Amino acid sequence: MPVLKLPKDLVADPRHDAVSTLLTKHAGLLWESGRNRVASLPMTEALATELRHALLAEHACHGLELIADKLASEQKGLDALARKAPENPQNARASRLLFLANDGSTRFYRDCDALLSRYRQRLMACRLELPGEALGEKITGSPRLIRSVLVFDKKVTARALLALLPPG
């Protein structure tokens, strides 16, 4: 399976190779019969801050149903654009980043895997090494179960990927 290119803002960053290595080194299938590999990484304080700001600025959303609707809506626009300008093909580049808690059910991960397959041209995922309640607490500051967060702004996606790097 070809590897999705990282966002342009990240490619220009000197830490690009470190992010790429981190994502590859810690990658595994999302669930037992999954088709997509995702990195499983610890939540960093920098990432928690980035996700909190992304949600407040409406550059991210949470909840798998809302995420699926958002991706489908965006795809309709991309498909319409492709029909209008077929001479300008879309490049496969990560511009959307799905963060997942590590305590989802098999069905949850199967549904996430389906999204990754359906939107493989622009979506990548990362499983965080914390349960949904801890993820909700980290990014909202209050007890709240959140198992999935989609970052849909390409600049914020690049910053979130950089925030995965260990501090130092």
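The rules we used
Residues numbered from 1 in each chain as written. Predicted model: local features only at pLDDT ≥ 70, side-chain atom pairs only at ≥ 80, totals over all residues. Heavy atoms only, no water. pLDDT = per-residue confidence, 0-100. Helix = DSSP H or I, 4+ residues; strand = E, 2+ residues; numbered from the N terminus. Pairing = 2+ DSSP bridges. Axes fitted to C-alpha atoms, helices over the stretch in contact; angles between N-to-C directions. Contact = heavy atoms within 4.5 Å. Core = buried A, V, L, I, M, F, W, Y, C linked by side-chain atoms within 4.5 Å. Buried < 20%, exposed > 50% of the residue type's maximum accessible area, 1.4 Å probe, protein only. Polar contact = N/O pair within 3.5 Å; in protein donor to acceptor, adjacent residues only side chain to side chain. Phe/Tyr/Trp six-rings, centres within 6.5 Å; stacked < 30°, edge-to-face > 60°. Lys NZ or Arg CZ within 6 Å of the ring centre and 35° of its normal.

## Some details on the confidence of the model for the chain
Here's step 1: Residues of the chain with pLDDT of at least 70 account for 90%, and the chain-wide mean is 90.
Here's step 2: For the chain, per-element mean pLDDT is lowest for helix 4 (residues 64-84), which scores 82, and highest for strand 6 (residues 148-151), which scores 98.

## Some thoughts on the sheet that holds strand 3 (residues 60-62)
Strands in a sheet are paired, the pairing made by backbone hydrogen bonds, and the direction either parallel or antiparallel.
Here's step 1: Strand order in the open sheet made by the six strands is 1-2-5-4-6-3, with mixed pairing throughout. Only two strands of the sheet have a single partner each, and these edge strands are strand 1 (27-29) and strand 3. Neighbour-to-neighbour, the strand axes of the sheet open up by a mean angle of 30 degrees, direction not taken into account.
Here's step 2: Inspection of the sheet shows strand 2 (residues 37-41) paired to strand 5 (residues 123-128) by three bridges, in the parallel sense. Counterpart to Ser 40 in the pairing with strand 5 is Arg 127.
Here's step 3: Lying over the sheet, helix 3 (residues 45-56) contacts strand 3, strand 4 (96-100), strand 5 and strand 6, oriented at roughly 95 degrees with respect to strand 3.
Here's step 4: Strand contacts of helix 5 (residues 106-118): strand 2, strand 4, strand 5 and strand 6, with the helix running at about 155 degrees to strand 5, the strand carrying the most contacts.

## Observations regarding the environment of Leu 41
Here's step 1: Structurally, the position occupied by Leu 41 is in strand 2.
Here's step 2: Between the C-alpha atoms of Leu 41 and Ala 27, which are 14 residues apart in sequence, the distance is 9.0 Å.
Here's step 3: Excluding its chain neighbours within four sequence positions, the residues that come into contact with Leu 41 are Leu 22, Leu 23, His 26, Cys 126, Arg 127, Leu 128, Glu 129 and Leu 164.

## Details of the nonpolar core
Generally speaking, a soluble globular protein has its nonpolar side chains buried in company with each other.
Here's step 1: In terms of nonpolar packing, the biggest core is built from 35 residues, with Phe 99 and Leu 164 touching the most fellow members.
Here's step 2: Every element with two or more residues in this core is listed here: helix 2 (16-25), strand 2, helix 3, strand 4, strand 5, helix 6 (132-140), strand 6 and helix 7 (154-163).
Here's step 3: Tallying contributions element by element places helix 7 first for this core, with six residues.
Here's step 4: Setting aside chain neighbours within four positions, we find Leu 164 in contact with Leu 22, Leu 23, Leu 41, Thr 44, Leu 47, Phe 99, Cys 126 and Leu 128.

## As for unusual backbone geometry
Here's step 1: We note that Glu 58 has phi near 60 degrees; this positive angle belongs to a residue other than glycine.
Here's step 2: Looking at where Glu 58 falls in the secondary structure, it is placed in the loop between helix 3 and strand 3.
Here's step 3: Judged by its relative accessible area of 63%, Glu 58 falls in the exposed class.

## As for the side chain of Arg 96
Here's step 1: Mapping Arg 96 onto the fold places it in strand 4.
Here's step 2: From its side chain, Arg 96 meets the backbone oxygen of Phe 152 in a polar contact 2.9 Å long.
Here's step 3: Setting aside residues up to four positions removed in sequence, Arg 96 forms contacts with Leu 71, Glu 74, Arg 122, Leu 123, Met 124, Leu 150, Val 151, Phe 152, Lys 154 and Thr 157.

## Observations regarding the pairing of strand 6
Here's step 1: Side chains Ser 148 and Leu 150 project from strand 6 onto one buried face, and the interleaved Val 149 and Val 151 project onto a second face that is buried too.
Here's step 2: By the bridge criterion, three bridges tie strand 3 to strand 6 in an arrangement that is antiparallel. Bridge assignment links His 62 to a residue of strand 6, and that residue is Val 149.
Here's step 3: In terms of strand pairing, strand 4 meets strand 6 through four bridges, oriented antiparallel. Directly across from Leu 98, in strand 6, lies its bridge partner Leu 150.

## Here's the deal with the pairing of strand 2
Here's step 1: Here strand 1 pairs with strand 2 via three bridges, running antiparallel. Looking at the pairing, Gly 28 lines up with Val 38 of strand 2.

## A look at the packing of aromatic side chains
Here's step 1: Tallied over the entire structure, the rule returns one aromatic pair.
Here's step 2: Consider the rings of Phe 108 and Tyr 109, whose centres lie 5.2 Å apart with planes at 70 degrees: the pair is edge-to-face. Across this residue pair, the class does not change: Phe 108 and Tyr 109 are buried.
Here's step 3: Sitting over the ring of Phe 152, Lys 70 keeps its end group 4.1 Å from the ring centre.

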